[in-house]
Structure formats: structure tokens, C-alpha cells
Amino acid sequence: MTGNVFLFPADQARKQRIGGCMEERSHCWLKENRALWMVIFGAIFILSIDFWYWEVDTLVFGFLPIWVLRLIILQILLSALIYLFVIFYWRD
Amino acid sequence: MNATILVLTIITSYLSLTILLGIYGYKVSEKSIQDYFLASRKIGPLVLFFTLAATNFSAFTFLGFAGEAYTQGYAFYGVMGFGTSFTALSFYIIGRKVWILGKEKGYITPPELIGGETKSHTLRMLYVAVMVIFTLPYLAVQPMSAGFVLSALTDGAIPYFYGAVFLTVFIIAYVFLGGMRTIAWTDVLQGLMIIFLLLTAVVVLAYNLGGLQVAHERAMAENPGLFVRSGTITVKTWLSFSVLWSLCNPMFPQLFQRFFIPDSEKSLQRASIMFPIVTGLLFLLPIMIGVMGRGAIPELSGQEADSILPMMLERYAPLWLSTLIMSGGFAAFMSTADSQLLTMSSMFTRDIFHPYTPFDSEDFDYSIGHIMVVLLALIGLAIAYNPPATIFTIVTWAFTGLAILYPSTLGVLYWKAEAKACIISILTGLTMLLLYQFEIVPDFGFLPAIPIVVTSGIVLFVSHHTIKIYGEL
């Protein structure tokens, strides 16, 4: 017997709408939410065009411009976000 | 040992490894075009990642980055790094759909997919034309770079063109023997070589210059502008490059075709996760070498700056080590050239010859594919023999030219865009490219790629809906 029998009609409709997200309610907001992922990746892209930080010339470790370090961190963050994207949105 | 013999011994040892992989690839391969061009769509996650990454690391990554950093400093890292890392999202946006359609319908080349989905032979041919025109000169750049490097390493004992021929012969041999499977395996070898040898170069050069900090202080004393962006690059240019790399990288036919080869969607996902970190960190290495080079050898100007890496190695590392590191440069040239060669061969075979041959024979396609690998390599070599001045212009414009295909590709994959709308969009983009080439239209401070791709996208949208509403034009 499938779980659908035990759902209220509204929940059944919701489950159909969001692609079977009921089993893991806590992560529903990350699943099937294309707009959210577009906003997340769009924000990362905008953070990489840091025009508000353009004039900064501080060096870290005595040789690396701080905005280069920032870009490296953003790229590591991008990898981490793609990892989450794969888990929650890009399923086989 | 004589310097020329030492250089040839090290380079030939590495190249022999690629031939061994070619022979092994030939032994385990099946005699089919699916296997020759796509390794039977059975490439796992690690090999897939390396073949996607190494294909993206070209002669320009190894020599050009250091040269540009010598002139522009760390600003060039921002121009190249993040946009390329962002390409990883295209593995989902473009790659996933391409992988699914390729598996379902047996597509082998990018134009075959586009033509098949839109049922338009004209659009298919337009994709072939754009991809070949903008890739062929880029193919010639790889043996050219190899020729220059070999000539420099041996103080001219090996002339430029002999070096180019030397590299091309090895590439033809292993691509001819093993096709995509061997290329993917050599990409693992070449990718690892590029990463470890560039890292070794940074460590050795920094050590011999008194440490990273001292080497950078010398560069700072020479030109403080190497460490800041204001005055070197504008926000609009930075933004333009980030967008350009994100759009044009997946449109390179050799990268596009790689979306057909994963054994599963998981492989594509894992490659997508690894791509930003590895490219992001790898791109930093030649940039650091270029900046340190400015402090150590400050008097270079113009195109001389592109030789900063071999010059630094010649001055601060023993010959055997500098040759070993420059064999990483060979790996970068080869990992791009072999993929371009096979992909172009597949397009000539499947998109140009196959539709016009009177018989539908896989054996015929298989033979033509092999012949085209040799022919195209020779054409690349012929261009490298006496490169016309325009080759560099075409290469410069190749990225924008290929980015023009992005809106249409998205349209076909997601919205079943009308073939005629795609054709109008691509022709509009190409016309704008010509107008920019002759500086007839203003660029508003952006790279031409931005207004061109935006306009192509708008034209696609408008013409698609016009055709839908009013029927055939």
C-alpha cells in the first residue's frame, strides 16, 4: 500500500505539485525550486563582479591581493553549492 | 648530455606514453563510430572530469596566461578564472539535456543533435559552418605553440616548424588508433601533468627568487599596478569576460561533444562539482609565474611577454627540470588539439559526408572518420607553416563567434525553438560580429560578445514567437 492513502487531499495535491517532497519536509524548499537556485547562483555570480570593492589593494600572506583570495573562496563556494544543487535539485 | 638530446629524450618519453595509451585504446575498442567518436558513451566520472578540464586547458593556459599576467598582473586572474569556473553550471543547463538526447536518439555530433531536434538540415549545416570556421584556426595554434616551445628549449636546434610537425605526428597516431577513449585517457595523464608541473614551476621559481613574498615584492617594486584592478581593467570588461567564458566554453564543439560521453548522469554531476575548484586553483598558477616574472625579468615588451614561463625556467631551473615542466605545456597543447581534431572529424564524417553518401554504411563512416583525422591535422599544420596574420584575429573572435550559438542551443533544448528563428538569430549574431570587427557599431565599454549574444537572444525570442503566431514566414 502506498503512502498516498494516508494523505489529506490537499497534501496529495501538494505532493504532486512539488514532486514527492513530502517524505523529507525539511528540504522541500530546496527541491523543485528552480527560482531559488537561480537566485543562489545569480548571487554568487554578482558577488564575483565586486565593483564595490574595486579600489581595495590589501595583500594577504604578503603577496596575494585580497580580492584574488575572495575569488578563490567564491569558486570553492560555487563547488559546494553545485554539490548541494546535485543533492537537492539535479537528481537522476 | 647534449641539450637537444636531453630535451628530445624527455619530450619523446612523454609522447611515447600517449602512443602506448593509443595502442591499448585500439586493442579494447570496438569497430564502430559510436565507439571511435564517443567511447561508446561509457566514460566514468573521474575520466570525464579530466577530459572536460584538460580539453579546456590549452596552449593559452600554459603560456598565454603567464604572458598576460606579466603585463596585467592579477587582474587577469579575475578575467579568466571565475567565468570558466561558472561553466560548470552548463554541465547541467546544456550537458544534461545533451546527454539524455544523445543516449535516446544516438546523436554523435552537436550539429546532428541540433538538426535532429529541429528537423532542419539548414540549421545543422549552419552549426557545422560556425563551429568549423571558429575552431580550425584555433586547432592550428596548438602545433604552432609546440613549435615555438621546442625551438626555444633547444636554442633553435629544432626549427619551429619541425617542432610543430613532431607534435602533430604523435597526436595523429594516438587519435587515429584509439579515438575518444584514448583521448579521454590521455586527458587524465595530461591533466595531472599540467596541474603538478605548473605547481612544481611555481615552487621552484619562488624558491630560487627568495620565496613567494620576496618575488612578489620585486614585482610590486617594478609595477604596483600588477596587484590592483583599478587602472588595469574596468568592471564592464570584467563582467563581459565572466559572461563570455560561461557562454562560449560549452559551445566549443569539442566540449559540447563531451556531454554525449558520460556513462551516467552521476558522472556528469561529479564532474560539475569538481570543475570550479580545480580550474579556479589551476588558473592561479601561471598567473603567479607571470607576476613573479615581471619582478625577475622586467624588460620584456609586447609578444616577448608570452615567453616569460620558458625564460624564467631557463634562468632559474636546470635544463632537465625546465624541459620536464615544459612537457606540461605540450600536454596542454595536445589535450586541446586532439579533442578538436576528433570532434571536427566527426562533424565532417556525420554532418557533411554522411548525408550525401548513397549508402548508409557504418564501415564507411568509420573509415572516413579516420581519414579526416589525418587530413584535418595536416590542414592545421599547413596553417601553422605560414600562419596568416588573420589567424590571431579569428582566434580572438572565435570565442564570441561560438557564443552566438548559445541562445539557439538553449532554445532548441528547452523551448523547441523554430529552426528558422535559430537561423535568423545566428545570422544576426554573425552580422553583428562583422560590424564589430570593422568597428562600425559602438561597444559601450563591454566586450562585443555581450551585445551580440543579448541581441541574438532577443532576435531568437521575437522570431520564434512571430513564426508561431503568423505561421511560416
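Everything numeric in this text was worked out from a predicted model, so none of it was measured. (Residues numbered from 1 in each chain as written. Chains lettered and ligands numbered in written order. Predicted model: local features only at pLDDT ≥ 70, side-chain atom pairs only at ≥ 80, totals over all residues.)

K.L.:
How should the overall build of chain A be read in this particular structure?
P.N.:
Secondary structure summary: chain A contains three helices and two strands in total. Traced from its N-terminal end to its C-terminal end, chain A shows the element sequence α-α-β-β-α. A burial count over chain A gives 16% of its 92 residues as buried. Sequence separation of 24 or more characterises 38% of the internal contacts of chain A that already satisfy a separation of 6 or more. (Helix = DSSP H or I, 4+ residues; strand = E, 2+ residues; numbered from the N terminus. Buried ≥ 20, exposed ≤ 12 C-beta atoms within 10 Å, placed from the backbone. Contact = placed C-beta atoms within 7 Å.)

K.L.:
Can you walk me through the interface of chain B and chain A in this structure?
P.N.:
Buried accessible area, meaning the area lost when the parts come together, often serves as the stated size of an interface. Taken together, the 30 residues of chain B in the interface contact 25 residues of chain A. Looking at the side of chain B that touches chain A, the elements that each hand over two or more residues are helix H5 (75-86), helix H10 (212-222), helix H11 (235-248) and helix H13 (265-296) of chain B. In terms of residue class, the side of chain B that touches chain A is built from 17 nonpolar, 10 polar and three charged. (Nonpolar A, V, L, I, M, F, W, Y, C, P; charged D, E, K, R; others polar.)

K.L.:
What exactly am I supposed to notice about the domain arrangement of chain B here?
P.N.:
Residues and elements named next belong to chain B. Domains assigned within chain B are domain 1 (3-388) and domain 2 (404-473). Just the C-alpha atoms count here: the centres of domain 1 and domain 2 sit 28 Å apart. Facing 20 residues of domain 1, the contacting portion of domain 2 comprises 16 residues. Those elements that provide at least two residues to the side of domain 1 that touches domain 2 are helix H6 (90-105), helix H7 (110-118), helix H8 (121-153) and H11. In terms of residue count, H11 provides more of the side of domain 1 that touches domain 2 than any other element does, seven residues in total. Classifying every residue of the side of domain 1 that touches domain 2 by side-chain character gives 11 nonpolar, six polar and three charged. (Domains from an automatic or database assignment.)

K.L.:
Help me out: how do you make sense of unusual backbone geometry in this one?
P.N.:
The phi torsion of most residues other than glycine is negative, and most of the peptide bonds are trans. Residues and elements named next belong to chain B. Positive phi outside glycine occurs at Lys119, with the angle close to 55°. Positionally, Lys119 belongs in the loop between H7 and H8. Assessed through the 9 C-beta atoms surrounding it within 10 Å, Lys119 is described here as exposed. Unusually for a residue other than glycine, Glu439 sits at a positive phi of about 55°. Relative to the helices and strands, Glu439 is located in the loop between helix H19 (419-437) and helix H20 (449-470).

K.L.:
Teacher, can you tell me more about H20(B) here?
P.N.:
Each α-helix turn comprises 3.6 residues. Residues three or four places apart therefore point the same way. Residue and element names in this part refer to chain B. A rise of 1.5 Å per residue sets the reference length of H20, with its 22 residues, at 32 Å; its end C-alpha atoms lie 31 Å apart and thus fit the reference within 8%. All of the buried residues along H20 are Ala449, Ile450, Ile452, Val453, Ser456, Val459, Leu460, Ser463 and His464. At the C-terminal side of H20, Gly471 shows a positive phi close to 75°. (Expected span 1.5 Å × (residues − 1).)

K.L.:
Please clarify how the nonpolar core should be interpreted in this entry.
P.N.:
Within soluble globular proteins, side chains that are nonpolar generally end up buried alongside one another. Counting residues in each nonpolar core, the largest one holds 180 residues, and the members touching the most others are Ile171(B), Ile287(B), Leu341(B), Leu402(B) and Ala403(B). No other element matches helix H9 (residues 160-208) of chain B, which puts 20 residues into this core. (Core = buried A, V, L, I, M, F, W, Y, C linked by C-beta atoms within 7 Å.)

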